[in-house]
Amino acid sequence: MKKHGLLRLKLLLLSLMALAPVAHATISYSTNLVTNGSATSNVAMTGWDATSGPDFSQGSFGFTSPDGGDVFDFYTGSVSPEWITQTIDVSSLSADISAGTVKMVLSSYMIKGDIGPTSSIICRMILEQLNVSNAVVATSQVDNDVLSVAGSGGTWAQKTITVNGLNTSTSKLRIKLYGELIGTTGSAFVEFDGISLQLYKLATVQSVSVPANNTYKVGDALNFIVSFDSLVNVTGSPKLSLILNTGGAVQASYVSGSGSQNLVFRYTVASGNADADGVTVGALALNGGTIRSDNGDDAELNLYNVGATTGVKVDGVVPAVSSVAPPTSGTYASGQNLDFIATFTKAVNVASGTPYITLTVGGLTKHAVYASGTGTTALTFRYTLASGDAGALATGTGITLNSGTIQDAVGNSATLAFTAPTTSGITVDAVAPTISSVAPPAGGTYASGQNLDFTATFTKAVTVVTTGGTPYLTLTVGSNTVHASYFSGSGTSALVFRYPAASGDFDVDGVALGSNISLNGGAIKDAAGNDATSTFVGSLAAGVLVDARPSQTITFSALASQTYGTDYVKLAATASSSLAVSYASANSAAVRISNDTAYLLAADTATITASQAGNASYLAATPVSRILTIVKKGLTITGAAASNKAYDGTVSANVTGATLSGKVGADDVSLTLGTATFAAKDTGTAKAVTVTGSSLSGTKAGNYTLIEVAGLSANITQKSISVTADAQTKVYGSSDPTLSYGAPALYSGDA
């Protein structure tokens with residue numbers, strides 16, 4: 001009801017209730033509800049039970065106005081605010097109520113006001129949290145309704161005040177009913193009617209479990225489990241905010257758990273997100289959804305007992321190719337490497353497969369495959385030029401994984417696109433020079449020391465490197481394998497290989513040329529460095545002959561004279577080559593040669609020539625001739641005897657019984673004894689008899705000399721003669737008489 005100039009306040013607190021699943025407690029009041037305003041309008045509230053308030057479990061408490069009615073009036077009197085308060089001691093609340101956030105719900109009351117035409121009144125309901133000294137530590141305002149039209153009113157239906165961090169041992173709650181007249185001073189009143197106060201324990205977060213310590217990559221899901229102290233139901237998509245060093249605030253979205261105490265919020269790492277020192281768990285936000293207990297109350301969303309996140313790191317920075325460096329400008333040949341260095345924005349690891357960069361060489365597709373660099377920011381991709389590669393070089397604009405992976409340390413797959421590098425300074429020439437022909441020397445016979453030059457013509461200019469050895473051609477000279485070594489022509493397309501004919505070389509049917517150039521530790525390359533093909537078609541240089549055999553000499557000592565009747569002599573000539581010497585007789589009637597034996601056939605002289613015809617290793621020796629003399633054999637006369645004779649005045653003697661001695665075999669030789677004579681015709685004994693003029697005859701007589709018989713002797717005895725003398729006498733002293741006698745005639749010359 002209304003009274004002019006008075007503010008009527010009717011305050012009735014009906015039923016203080018705790019709703020399931022919260023435990024009940026007893027609430028007592030330390031002070032009565034009092035007013036605060038002008039002195040005249042202060043009303044001492046009496047009738048409150050200041051020591052034993054109603055049992056909380058009974059769900060109601062109440063008070064009445066001093067006049068015993070249910071309307072409490074007071075006059076505002078000015079624009080200054082006025083209020084009445086009631087302080088509630090909550091020390092007796094049970095532990096499960098005090099452990100978290102408490103919600104106080106004031107509901108089912110009505111505000112009615114009567115104000116002047118130019119005035120308005122502000123009506124508030126405030127809840128203050130006091131400490132033990134009754135100082136206000138927190139204030140929660142239920143609403144701020146403004147009544148500006150006379151006779152108007154409003155209904156507050158279930159206004160809620162939430163008290164955070166209520167400490168039951170040190171806290172008090174004070175209800176303040178507040179009125180303030182705004183505008184022209186005048187009569188006004190306001191009526192609070194039908195107030196119900198309810199106390200709830202809200203569902204409160206007990207803990208937040210965080211993902212295992214690790215560094216998480218793009219696409220990894222990080223699950224955060226928010227555990228409440230009672231069952232909660234979820235609608236919509238609440239979010240749990242996370243703070244990252246790079247990427248700012250991100251959201252872990254609700255994924256499951258409605259109807260339980262544990263709600264799962266999931267954050268999936270996005271590209272660019274990063275936090276190297278651990279993510280920070282922010283706040284739980286409804287995001288248009290709800291998190292409520294079974295009784296329909298919104299859960300208290302403050303987070304308590306959040307797990308340590310210093311080890312929960314995020315690396316969603318995807319490595320990318322910042323550049324690809326091509327090989328150094330220059331000309332590259334077969335077998336050389338084209339290395340492309342792909343630099344990434346962070347270190348990467350290569351695993352499985354063989355990633356590659358696509359190249360085009362002369363319009364043909366090639367692959368520069370991964371070669372090295374895993375674990376660093378620089379990966380080397382290599383293509384080894386194959387024979388025949390030539391032409392312009394270009395790269396693609398990305399790396400092909402080829403069943404492999406390129407990832408950073410946490411497993412983020414790298415972005416593989418890049419800007420193709422400039423390759424205009426790179427020349428590819430992997431076309432190897434080949435041998436188009438090998439020309440032999442001019443036809444002829446080459447002696448020792450003369451050069452056999454073979455000219456190999458290549459399809460392009462080549463350079464010969466002899467640092468490690470000198471290339472050569474293989475030749476067959478006779479039965480010997482020899483080498484024609486590189487001689488000249490480096491820098492041109494024609495290389496000369498030279499073989500000086502060596503002593504002993506001998507080839508009469510043409511020098512044979514092999515079918516390749518042996519590098520022998522050296523190299524033959526073109527300007528790009530391509531190794532020349534060293535094979536060609538071998539051939540026989542039929543007109544190129546070699547006779548470089550060494551000379552040889554024959555040593556043939558003078559031959560000793562032999563006597564007819566000697567069957568043979570051995571010939572002992574030697575060649576300096578140690579080859580066998582052959583012999584020939586210029587007089588085969590006297591000497592017959594067989595191998596190294598000279599058979600003596602007749603007394604004569606024969607020129608014996610020693611020869612060595614040479615072979616593949618030696619020239620023929622100059623023949624050496626020697627004279628072999630076969631002297632006649634002397635035959636002796638045996639059995640001859642000189643006959644004694646009487647002096648006949650001659651030297652003639654008679655020899656009988658003479659025969660030949662010493663002839664060879666059955667040679668046809670006969671003796672004709674010559675004239676036998678005494679040395680003197682005079683008589684004597686053992687007078688020497690000499691035979692002269694003996695001779696030989698027969699077909700073999702020419703092979704002999706006759707040794708006249710010697711040592712013969714015989715006696716010449718006196719010849720008996722008869723002398724008939726004249727008988728003469730002489731007288732001594734007288735001259736001799738001339739005697740005369742008569743005798744046979746004497747031999748001529750005898751006296």
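Residues numbered from 1 in each chain as written. Predicted model: local features only at pLDDT ≥ 70, side-chain atom pairs only at ≥ 80, totals over all residues. Heavy atoms only, no water.

1. Looking at the sheet that holds strand E36 (residues 444–446)
Alright, step 1. Spatially, the three strands line up as an open sheet ordered E36-E46-E42, and their pairing is mixed. The open sheet has two edge strands, E36 and strand E42 (505–507), and neither has a second partner. Ignoring which end each strand starts from, the neighbouring axes of this sheet average 35° apart.
Alright, step 2. Bridge analysis of E42 against strand E46 (residues 544–548) gives three bridges, and the strand direction is antiparallel. Of the residues in E46, the one forming a bridge with Phe506 is Asp547. (Pairing = 2+ DSSP bridges. Helix = DSSP H or I, 4+ residues; strand = E, 2+ residues; numbered from the N terminus. Axes fitted to C-alpha atoms, helices over the stretch in contact; angles between N-to-C directions.)

2. Considerations on the sheet that holds strand E21 (residues 274–275)
Alright, step 1. With mixed pairing, three strands are arranged side by side in an open sheet as E16-E24-E21. The outermost strands of the open sheet, each flanked by one partner alone, are strand E16 (214–216) and E21.
Alright, step 2. Pairing of E16 with strand E24 (residues 312–315), which is carried by three bridges, proceeds in the parallel orientation. Looking at the pairing, Asn214 lines up with Val312 of E24.

3. As for the side chain of Gln552
Alright, step 1. With respect to the helices, strands and loops of the structure, Gln552 is situated in the loop between E46 and strand E47 (554–555).
Alright, step 2. Its relative accessible area of 5% is what places Gln552 among the buried residues.
Alright, step 3. A polar side-chain atom of Gln552 sits 2.4 Å from a polar atom in the side chain of Ser577.
Alright, step 4. Within polar-contact distance, the side chain of Gln552 engages the side chain of Gln612 at 2.6 Å.
Alright, step 5. The residues touching Gln552, leaving out its near neighbours within four places in the chain, are Ala575, Ser576, Ser577, Leu579, Gln612, Gly614, Tyr618, Leu619, Ala620, Ala621 and Thr622. (Buried < 20%, exposed > 50% of the residue type's maximum accessible area, 1.4 Å probe, protein only. Polar contact = N/O pair within 3.5 Å; in protein donor to acceptor, adjacent residues only side chain to side chain. Contact = heavy atoms within 4.5 Å.)

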